[in-house]
Every structure is written in C-alpha cells, then in structure tokens.
Protein chains: 2
Amino acid sequence: MELVIKIILDNWYNTINQTNKLLDALTDEQLMKDVAPGRNSGVYLLGHLTAVHDLMLPLLGFEERAHHDFLEIFIKSPDKSGQQMPSVADLRAAWTATNAKLEKHFKSLQPADWLMKHTSVSVEDFAKEPHRNRLNVVLGRTTHLSNHLGQLLLLK
Amino acid sequence: MELVIKIILDNWYNTINQTNKLLDALTDEQLMKDVAPGRNSGVYLLGHLTAVHDLMLPLLGFEERAHHDFLEIFIKSPDKSGQQMPSVADLRAAWTATNAKLEKHFKSLQPADWLMKHTSVSVEDFAKEPHRNRLNVVLGRTTHLSNHLGQLLLLK
C-alpha cells in the first residue's frame, strides 16, 4: 500500500515541480497573455489552479482555505468577466504558499490516513464508495493540474 | 490494494473518455488546426498520443506495438517536420483500437500483476526501485494524456 501511495504522491510532486519550473521561466508579461487567441490567460489559469488547491485544504480535512475570494474570481467566474484579479506577484506567492501547506500536511499523514474519506462525501456514501478517499482527491487534482499545465506550456 | 488500483484505473478510463468525447465533437477540419498559432496541430497530438499508448503495449509486457512508423513520425519528429502523416480517419481508428487493446489487457490483470515491473526497467533496478511498476506507467501516461487533452480542448 505504501508503494502505491508513493507512486501517486510522486506524480503530484512531479507535476507541481514541472509547473513551477515553467512559471519560473515565464515573465509576468508572458503570464498575462492568453494561452490561445480568446482563451484563458496564464494569470487566470494560475489563479484557478491556486483556488482549486486552496480548496483541497478543507476538502482533505487539513485546515481552512486561505483565499475565500478566489472561488468567485477563479472558479465561479470565467476569465475576462470583469472581476478584479490579484496581481501576478501575489498570485505567484499564493500558489507557492498553498502547495507548501499541502505538502506539509501530506507529509504528516500515515498510509491509513490516505484511505480515509474526504470531507465532501457523507459517511453513508463513503461506506458504499470507499474509493472516495483522500488519495483519490490528490490523483484527480494532479490530472486537473496537468491539463492546465499543457495549456500554460503554450505561453513559452 | 485493489482500492488504490481501482482509483488509478478509473482515472485512466475517465481521462480516455473525456478525450474521446472531445474527439467525437471535433470535425476533421477542426483537428487539422493548430491548438495555438504555430504550435502542434490536433492531428499531430492525436498521433502522438496514439504512438505513446501503442508503446505501452510492449512496455507493460502485453504484446508488440502495432504502429512501428508512429515512433518516428509522432515522437521522434516534431509536427510540421515534413513527415507524411496517416489520414485523420486512420488516426482516429488507431487511437480507438489501441486503447481498446490496453483495456482488454488491463482487465486480464490481477492486483499483484499491477505491481510487477514494466519491461524497460532491469530486474536489478526494480529490486531497488519497486515503484517502477505497471501501475506507475498507467499513472504517468494518464498525466501525459491530460496534459495534451488540455491543449486539444483549445480546438473547440
């Protein structure tokens, strides 16, 4: 079991590291551009990813989310909706801080903790669907990150 | 263990299904376009993904790959290299057939089979790095697919 947990967590960290390497290579000006004509901007995608990862903190039972306004700006609203976005520098910092919090919590878990339910599934449903656990959240969010990383790569 | 294997395979099938739904919605003309100006075309990405999945067949110890020419055209060469590509119809069919073969083999495996080494790691290295197993290949390829799916979504 530890082996499979390691595989899933390594995949998470690798995808985060690839994203960070790209973000380090992109200037703020490049990040402000749209990934393709008329599509999401890099900065919106960075905010969107940060919002989704921030929400993982309560979803995994770790702590409250830090950016309550991000849900409205970066998940409920599309890009170019007229919402006021934080600065690129603030978004870069929020992205790094959020992933560092997740890593700290990940490292505090024992293998059995990974198979516990996440907070948006009821005890009754979890009894019937035990795959709706913390590990599944991390796996799904890695796939989500990879999807948007593919788009962010177009800014290079 | 079965639970974690199920999570990883569900993630694979979900990502394949999302890709198929997108491919069904895209016309051949849309697929011929570049995902962003000067970047890979949809048809190249479809060939690239098919080539990578075709290579999973020997990598996972299932069977020989079916498309020996795809490695040169879609992995070793970039898009617009002057290589003759198969038709969009042939690529769509190859994509579907390749994933069907993988699914057939996946369904024949027992849980312990998933933890066996893939064919590009030596017995000696696998003894030291037991995470280099079949399950890890499927996980890595799901992340790879998701990355390019994010780009293909820009064709809609």
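Above this text sits the structure in question.
Residues numbered from 1 in each chain as written. Chains lettered and ligands numbered in written order. Predicted model: local features only at pLDDT ≥ 70, side-chain atom pairs only at ≥ 80, totals over all residues. Heavy atoms only, no water.

**Some words on the overall build of chain A**
In step 1: Helix and strand counts for chain A stand at 8 helices and 0 strands.
In step 2: Reading the helices (α) and strands (β) of chain A from amino to carboxyl end gives α-α-α-α-α-α-α-α.
In step 3: In summary, chain A has a C-alpha radius of gyration of 16 Å against a globular reference of 15 Å for 156 residues, a match within 12%.
In step 4: By principal-axis analysis of the C-alpha atoms, chain A measures approximately 45 × 30 × 25 Å.
In step 5: Counting the 156 residues in chain A, one finds 47% classified as buried.
In step 6: Put simply, of all contacts in chain A between residues at least 6 apart along the chain, 70% involve residues at least 24 apart.
In step 7: Of the roughly 7,200 Å² of accessible surface on chain A, a fraction of 53% belongs to carbon and sulfur atoms.
In step 8: A distance of 3 Å separates the average location of the 17 positive side-chain charges in chain A from that of its 18 negative side-chain charges. (Helix = DSSP H or I, 4+ residues; strand = E, 2+ residues; numbered from the N terminus. Rg over C-alpha atoms; globule rule 2.2 N^0.38 Å. Buried < 20%, exposed > 50% of the residue type's maximum accessible area, 1.4 Å probe, protein only. Contact = heavy atoms within 4.5 Å. Areas by Shrake-Rupley, 256 points an atom, 1.4 Å probe, with all protein chains shown as cover. Lys, Arg positive; Asp, Glu negative; His and termini not counted. Charge placed at Lys NZ, Arg CZ, Asp CG, Glu CD.)

**Overview of the interface of chain A and chain B**
In step 1: On the chain B side, the residues contacting the 28 residues of chain A number 28 residues.
In step 2: Both faces combined, the contact of chain A with chain B buries some 2,500 Å², and carbon together with sulfur accounts for 67% of it.
In step 3: One can count 12 residue pairs in polar contact (both at pLDDT 80 or more) joining chain A with chain B.
In step 4: When contributions to the side of chain A that touches chain B are tallied by element, the ones reaching two or more residues are α1 (2-25) and α8 (134-152) of chain A.
In step 5: Per element, the largest residue contribution to the side of chain A that touches chain B is 9 residues, and it comes from α8(A). (Buried area = accessible area lost by both parts, 1.4 Å probe. Polar contact = N/O pair within 3.5 Å; in protein donor to acceptor, adjacent residues only side chain to side chain.)

**Comments concerning the side chain of B:Gln151**
In step 1: Within the fold, B:Gln151 resides in helix α8 (residues 134-152).
In step 2: Judged by relative accessible area, B:Gln151 falls into the buried class, the value being 7%.
In step 3: Residues contacting B:Gln151, with those up to four places away along its chain left out, are A:Gly150, A:Gln151, A:Leu153, A:Leu154, B:Val35 and B:Leu45.

**Thoughts on the relation of the copies chain A and chain B**
These two copies of the chain differ by a rotation about an axis and a displacement along the same axis.
In step 1: With an RMSD of 0.0 Å, the operation that places chain A on chain B is a rotation of 180° combined with a shift of 0.0 Å along the axis. The superposition of one copy onto the other is thereby described by a two-fold rotation axis. Residue A:Asn147, judged by its C-alpha, is the member of chain A lying nearest the rotation axis, at 2.1 Å.
In step 2: Mapped onto chain B, 100% of the interface residues of chain A again fall at the interface, so both copies present the same surface. (Least-squares fit on C-alpha atoms with pLDDT ≥ 70 in both.)

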